[in-house]
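Breakdown of the fold
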Amino acid sequence: MTEAYQHFIDGQPADASDGAILTLPDPATGTTLATSAAGTAADVERAVAAAHAQFKGGAWSRMSGAARGLCIHRLADLVERDAEALADMDATAIGRPPAEPRMLDLPNAIATLRHAAGWADKIEGRTIPTAGYMGRPTLSYTERLPVGVVAAIVPWNTPLMITCWKLGALLAAGCTVVIKPAEQTPMSALHLAKLCREAGIPDGVVNVVTGYGATLGPVLCEHPKVAKITFTGSPETGAAIQRLAAPLFKHVALELGGKSPQIVFDDADIEAAVGGCAMGLFFNQGQVCAAGTRLLVHEAIAEVFTEQLAAVAEGIRVGNPADEGTQMGAVASRGQFEKINDYIRRGSEEGARLRAGGVSEAGDGWYVKPTVFAGAANDMSIARDEIFGPVGTVIPFADEAEAIAIANDTRYGLAATVWTADVARAHRVAREIEAGAVGINAWAPIDPQLPWGGFKQSGLGRECGLAGVLAYTEEKTTTVVLD
Ligand code: NAI
Ligand code: MG
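Owing to the predicted nature of the structure, the values given are computational and were not obtained by experimental measurement. (Residues numbered from 1 in each chain as written. Chains lettered and ligands numbered in written order. Predicted model: local features only at pLDDT ≥ 70, side-chain atom pairs only at ≥ 80, totals over all residues. Heavy atoms only, no water.)

**As for the overall build of the protein chain**
Short version of the rule: The helix count covers DSSP runs of H or I at least four residues long, the strand count covers runs of E at least two residues long, and both are numbered beginning at the N terminus. This radius of gyration counts C-alpha atoms alone. The globule rule is 2.2 Å times how many residues there are, raised to the power 0.38. Only protein chains enter the accessibility calculation, which uses a 1.4 Å probe; a residue is then buried when its area is under 20% of its type maximum, exposed when over 50%, and partly exposed in between.
What the protein chain contains, in helices and strands, is 16 helices and 20 strands. Its C-alpha atoms give the protein chain a radius of gyration of 23 Å, near enough to 23 Å, the size a compact globule of 483 residues would have. The C-alpha extent of the protein chain, read off along each of the three principal axes, is 75 × 65 × 40 Å. For the protein chain, the proportion of its 483 residues judged to be buried stands at 56%.

**What to know about the environment of Gly174**
What counts here: Should any heavy atoms of two residues lie within 4.5 Å, those residues are counted as being in contact.
You can see Gly174 is positioned in the loop between helix H6 (159-173) and strand E8 (176-180). For the pair Gly174 and Trp60, spaced 114 residues apart in the sequence, the C-alpha separation amounts to 7.5 Å. With residues up to four places along the chain from it excluded, the contact list for Gly174 reads Phe55, Trp60, Arg68 and Pro146.

**Looking at the nonpolar core**
We count it as follows: Buried residues of nine kinds, namely Ala, Val, Leu, Ile, Met, Phe, Trp, Tyr and Cys, make up a nonpolar core once their side-chain atoms join them within 4.5 Å.
Within the largest apolar cluster, 48 residues are counted, with the highest numbers of intra-cluster contacts made by Leu75, Val79, Leu171 and Val206. Listed by contribution, the elements that provide at least two residues to this core are helix H3 (65-81), helix H4 (83-94), helix H5 (99-119), strand E7 (149-153), H6, E8, helix H7 (187-198) and strand E9 (206-208). It is H6 that contributes the most residues to this core, 9 residues altogether. Ranked by size, the runner-up nonpolar core spans 29 residues in total, among them Phe265, Ile340, Ala416 and Ile433.

**A word on the UniProt feature "domain: Aldehyde dehydrogenase" (unreviewed entry) in the protein chain**
Counted only if it meets this: UniProt positions are given in the numbering used here, feature names are shortened, and annotations may be inferred rather than shown by experiment.
Under the UniProt annotation, the feature "domain: Aldehyde dehydrogenase" (unreviewed entry) is placed at residues 24-477. This span, residues 24-477, is 41% helix and 18% strand, and a straight line between its end C-alpha atoms measures 48 Å.

**Things to note about the packing of H3 against H6**
Inclusion rule: Each axis is a line fitted through C-alpha atoms, taken for helices only over the stretch in contact, and angles between the N-to-C directions span 0 to 180 degrees. Throughout, the term roughly parallel applies to angles under 35 degrees, roughly antiparallel to angles over 145, roughly perpendicular to angles from 65 to 115, and oblique to all others. Throughout, a crossing is termed right-handed when the near helix is turned clockwise from the far one, and left-handed when it is turned anticlockwise from it by less than a right angle. Charged means Asp, Glu, Lys or Arg here, nonpolar means Ala, Val, Leu, Ile, Met, Phe, Trp, Tyr, Cys or Pro, and polar covers whatever is left, Gly included.
Relative to each other, H3 and H6 sit at 160 degrees, their axes nearing to 9 Å. By the criterion of interaxial angle, the relationship of H3 to H6 is roughly antiparallel. Considering how the two elements wind past one another, H3 and H6 form a crossing that is right-handed. Residue-level inspection shows Arg68, Ile72, Leu75 and Val79 of H3 in contact with H6, the latter providing Leu160, Leu167, Gly168, Leu171, Ala172 and Ala173. Looking at the contact of H3 with H6 residue by residue, the class counts come to 8 nonpolar, 1 polar and 1 charged.

**A few points about the pattern of salt bridges**
Selection criterion: Each salt bridge in this description consists of a side-chain nitrogen of Lys or Arg and a carboxyl oxygen of Asp or Glu lying within 4 Å of one another.
Within the structure shown, the criterion is met by 21 salt bridges. Among the ionic pairs, Arg102 bridges to Glu84, the shortest N-O distance being 3.7 Å. With Arg102 in helix H5 and Glu84 in helix H4, this pair connects stretches of sequence that are 18 residues apart. Residues Glu463 and Lys166 are paired through a salt bridge, measuring 3.1 Å at the closest nitrogen-oxygen approach. Pair noted here: Glu463 is in the loop between strand E19 (459-460) and helix H16 (465-470) and Lys166 is in helix H6, with a separation of 297 residues, a long-range link. Take Glu463 and Lys166: they sit in the same class, and that class is buried. Members of the salt-bridge network, linked through shared partners, are Asp77, Glu80 and Arg114.

**Here we look at the site of ligand 1**
We apply this condition: Definition of nearness: a residue and a molecule or strand are near each other if at least one heavy atom of the residue lies within 4 Å of the molecule or strand. Two N or O atoms count as a polar contact when they lie within 3.5 Å, although within protein this holds only if one can serve as hydrogen donor and the other as acceptor, and sequence-adjacent residues are included solely when both atoms are side-chain atoms. Values of accessible area rely on a 1.4 Å probe in the Shrake-Rupley scheme; residue burial ignores everything except the protein chains shown.
Ligand 1 sits among 26 residues. The nearest are Trp156, Lys180, Glu183, Gln336 and Lys339. Here Ala182 contributes a backbone N or O atom positioned 3.5 Å from an oxygen atom of ligand 1. A distance of 2.5 Å is found between an oxygen atom of ligand 1 and a side-chain nitrogen or oxygen belonging to Glu183. Look at ligand 1: alone it shows 800 Å² of surface, and the protein chains cover 85% of it. Of all the secondary structure elements, the ones that give two or more residues to the shell around ligand 1 are helix H8 (213-221), strand E10 (226-232), helix H9 (235-245) and helix H12 (334-349). With 3 residues, H8 is the largest single contributor of residues to the shell around ligand 1. For the shell around ligand 1, the class distribution of residues is 12 nonpolar, 9 polar and 5 charged.

**Considering the environment of Thr326**
The residue Thr326 is located in the loop between helix H11 (302-315) and H12 in this model. Exposure remark for Thr326: the relative accessible area of 16% places this residue in the buried category. Between the C-alpha atoms of Thr326 and Ala302, which are 24 residues apart in sequence, the distance is 29 Å. With residues near it in sequence (within four places) discarded, Thr326 still touches Pro97, Arg317, Gly319, Asn320 and Pro321. Within the structure, the side chain of Thr326 is placed 2.8 Å from the backbone oxygen of Asn320, a separation counted as a polar contact.

**What about the sheet that holds strand E5 (residues 32-37)?**
What counts here: At least two DSSP bridges between two strands are required for those strands to pair.
Reading across the sheet, the 3 strands line up as E1-E5-E4 and stay open at both edges, with mixed pairing between neighbours. Whereas interior strands pair on both sides, the edge strands pair on one side only; in this sheet they are strand E1 (3-5) and strand E4 (21-25). Strand-to-strand, the axes of this sheet are offset by a mean angle of 30 degrees, without reference to chain direction. In this structure, E4 lies alongside E5, joined through 5 bridges in antiparallel fashion. Bridging across to E5, Pro25 finds its partner in Thr32.

**A word on the UniProt feature "active site" (unreviewed entry) in the protein chain**
The positions UniProt marks with the feature "active site" (unreviewed entry) are Glu255. By secondary structure assignment, the location of Glu255 is in strand E11 (residues 251-255). Residue classification places Glu255 among the buried residues on the basis of a relative accessible area of 4%. Among residues more than four places away in sequence, those in contact with Glu255 are Phe231, Thr232, Gly233, Cys289, Leu414, Trp452, Ser458 and Glu463. Among the polar contacts made by the side chain of Glu255, one reaches the main-chain amide nitrogen of Gly257 at a distance of 3.0 Å.

**Remarks on the packing of aromatic side chains**
Centre distance and the angle of the planes are the two values used to describe a pair of aromatic rings. Definition in use: Two rings from Phe, Tyr or Trp (for Trp, the six-membered ring) form a pair when their centres are within 6.5 Å of each other. A pair whose planes differ by under 30 degrees is stacked, one over 60 is edge-to-face, and the rest are tilted. Any Lys NZ or Arg CZ found within 6 Å of a ring centre and within 35 degrees of that ring's normal is scored as a charge over the ring.
One pass over the full model with this rule turns up 4 aromatic pairs. Arranged with centres 5.5 Å apart and planes meeting at 80 degrees, the rings of Trp156 and Phe388 form a pair that is edge-to-face. Separated by 232 residues along the polypeptide, Trp156 in the loop between E7 and H6 and Phe388 in the loop between helix H13 (381-384) and strand E16 (391-397) bring together distant segments of the chain. With relative accessibility at 13%, the residue Trp156 sits in the buried group. Ring plane angle 65 degrees and centroid distance 6.2 Å describe the contact between Trp165 and Trp452, whose orientation is recorded as edge-to-face. Of this pair, Trp165 sits in helix H6 while Trp452 sits in the loop between strand E18 (437-440) and E19; the two residues are 287 residues apart in sequence, bridging distant segments of the chain. Looking at Trp165, the relative accessible area reads 7%, which means it is buried. For Trp452, a relative accessible area of 6% puts it in the buried group. Between Lys228 and the ring centre of Tyr472, over which it is positioned, the NZ or CZ distance is 4.3 Å.

Rendered as C-alpha cells:
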C-alpha cells in the first residue's frame, strides 16, 4: 500500500472534490512512491475561503504580533523535533540523499522560522511630520498591515526550506496562506501544516492544496480573495503567473533561478575554489536556483582547474540515495532527466569539450552523471540556459574586466561567487556583478537574516530578513487634523 496524501484545508485532511488523485513516481527506482489528491478549482475555493475567514475577523486577525511570534516559535520547535522525518520526505520525493537536506535545508528552515518569529512583534509604523492640512496642524502616521491571503507556489527542489521562507515571513506579517506544493513534493508541506495546528495556529490560517500547477495555479492567481502570489520556480511559469495577476493588480514575488557565475582568479586558493565550485555545481544534483553553473576561470589556471574539477566530478558516487555512501542521487523526474541529457548533447554539438560525465542512459531510476564541459563560449546554450542539473561549463577569461563582462552577459542575476585572495578585487568585482547575492570565497551563503532574490530575469522581490517580512505588508497612512 502506498501512502495517499490528501489536501489540508481548514485544519482537516480532504480529498479532491472529484476524488481525483495523481501518482508520485520514485525517481530513484521508477516505481510508484505515493499518491496525492489532484486538486480542483473547488478545492482552491474552499482553501481560500478558510484562509480569508481567518484573515478577515478570525482568531488569527485578532492575535497580537507577540502571540503570532510565539506560534511561529512553537512551529520552529516542532519542525526541529521532526527534522529528520521532514528531511527524509523531501529527499525521498526527489531521489536525493537525505544527508543533504538534514545538513542544510532543515537547519535553515528552522532558523528562518525563528528569525521570522522575532519580527512578528516588531512590524512598526512611523509618525511623519508634514506641513499640515490647509494651514491646520495634523498628525500623520503609518501602519504596516498584512496584505491578506497569500498563494504560495513552491517548487520541488528544496520544498520545505522554500516553504518556510515564505511561511515564516507571511505569518509574522499576519497573513494567511494557501500553499500549492509542487506536484512531486506535497509531503513536507502537508506535515508542516499539521505542525502549524499543533503549534496553536488557528485552523484555516495555513492550508495546503496538492496537485497540478497548470490546473491550480490559474485559479489561485485569479482568485479575487488572493492578495499576493509568492512563487519560486521556472521563468516560464513565473511569467504566466505575472500575466494572470497583472490585470488584477495583485502583489507578485518571483524567484526564478539563474545561471550563476563562479569567477576564479589566478590568485585564488585553487583547492578551496575547486571544492567550493563543485559544491555550487553539484549540490542537490545541481537542482538549485543558485547553482554556480558557469565557471569563469582565469586562463592561466583554466586547465589545472578544469582537470581538478573533472576529477571531483568523476569521483562522486552516484547511485540509489538510500544506499550508504551515495553522494549523488537521481534527478527529480523523467522530465528533468531528459532535459539535462538534451543539454549535454547540445553542449557537445555546439563544440564544447566534455571533460567529465556525459549523456546518461535511462535505467530504473533517473541518474545523471556529474558533467563538466570545457572550451565553452558564453553564447552556447549550456552557458545561457538554466539546465537545473549537474552540468558545469568552464569558460576562460583573460582579465578582471572580461570576467565581469562575461558574468553579467546573462538574462539572469540571482547569485555569484568570486574566488580570489585579493581583498580589494573581491569587493570590486562583487559590486560590479548584477546579482542579488554574491559569495566571496564561498558558494551561496544563504541565511535567514540575509535578503534573497534576483536581479534581471531571476525575479522580483526579496525573501528572508526584514525585507522578506515587509513584503507581506501594505503601508497605510492615516492623517488626523488636530484642530
Ligand atoms: P515550474 O516553475 O513549472 O514549477 C514550480 C511550481 O509552479 C510547482 O508548484 C508547479 O506545480 C507550479 N506551476 C506549474 N505550472 C503553473 C502555472 N501555470 N501556474 C501556477 N503554478 C504553476 O517548474 P518545473 O516545471 O517543475 O521545472 C522546470 C524547470 O524550471 C526546471 O528544470 C528548472 O530549470 C526550473 N525550476 C527552477 C526552480 C528554482 O528554484 N528557481 C525550481 C523548480 C524549477
Ligand atoms: Mg513546469
